[in-house]
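# Fold and contact review
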Amino acid sequence: MMENEVFLSFTFYSTILILKMYVVAIITGQVRLRKKAFANPEDALRNGGLQFYRQDPDVERCRRAHCNDMENIFPFLFLGAIYSLLDPSPTVARIHFFIFCVGRIVHTIAYLLQLRAPTRSVAYSVAQLPCFSMALQILLATIPYW
């Protein structure tokens, strides 16, 4: 497996994306602390009282960015791993992984910094292109076996 250049490239970009998700989780926690908006009563009690057991729009924005990551990065992890087993061109595969990774990073920045539309939508759409391409190639490779 470690001789598979495509899989190594996939592993690199996947790790970058997982680290990005950790960063978003940390940002969410920091915003929650700064805004004193806690999702659990025990956390609110520990940080000033039950009046801080509440929602905050900035915290919710961070949470939505994190949820969007899970909705998109987890399928990429599956598709990219299977795609790596199909022996694609290393250059083409790297382009797929790079486009998805950059698209997701731009999407997160646009989400958290509330950049003007359609920045976030364009980043989302661009990142979906390699996923659809990989899914189609996986289906074409496996259709004879269904």
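Above this note sits the structure.
We now examine the packing of aromatic side chains. Counted by the stated rule, this structure contains 8 aromatic pairs. Ring centres 5.8 Å apart and planes at 45° place the aromatic pair Phe7 and Phe10 in the tilted group. Of this pair, Phe7 and Phe10 both sit in helix H1 (residues 5-35), 3 residues apart, which is roughly one turn of that helix. Seen from their ring centres, Phe12 and Tyr13 are 5.1 Å apart, and the 85° between their planes marks the pair as edge-to-face. Take Tyr13: its relative accessible area is 13%, and that puts it in the buried class. Linked through ring pairs, Phe7, Phe10, Phe76, Tyr83, Phe97 and Phe100 together constitute an aromatic cluster. For the cation-ring pair, Lys36 lies above Phe52, with the distance from its terminal atom to the ring centre recorded as 4.7 Å. The aromatic ring of Tyr111 is capped on one face by Arg120, whose charged end is 4.3 Å from the ring centroid.

Cut-off values and rules
- Residues numbered from 1 in each chain as written.
- Predicted model: local features only at pLDDT ≥ 70, side-chain atom pairs only at ≥ 80, totals over all residues.
- Heavy atoms only, no water.
- Phe/Tyr/Trp six-rings, centres within 6.5 Å; stacked < 30°, edge-to-face > 60°.
- Helix = DSSP H or I, 4+ residues; strand = E, 2+ residues; numbered from the N terminus.
- Buried < 20%, exposed > 50% of the residue type's maximum accessible area, 1.4 Å probe, protein only.
- Lys NZ or Arg CZ within 6 Å of the ring centre and 35° of its normal.

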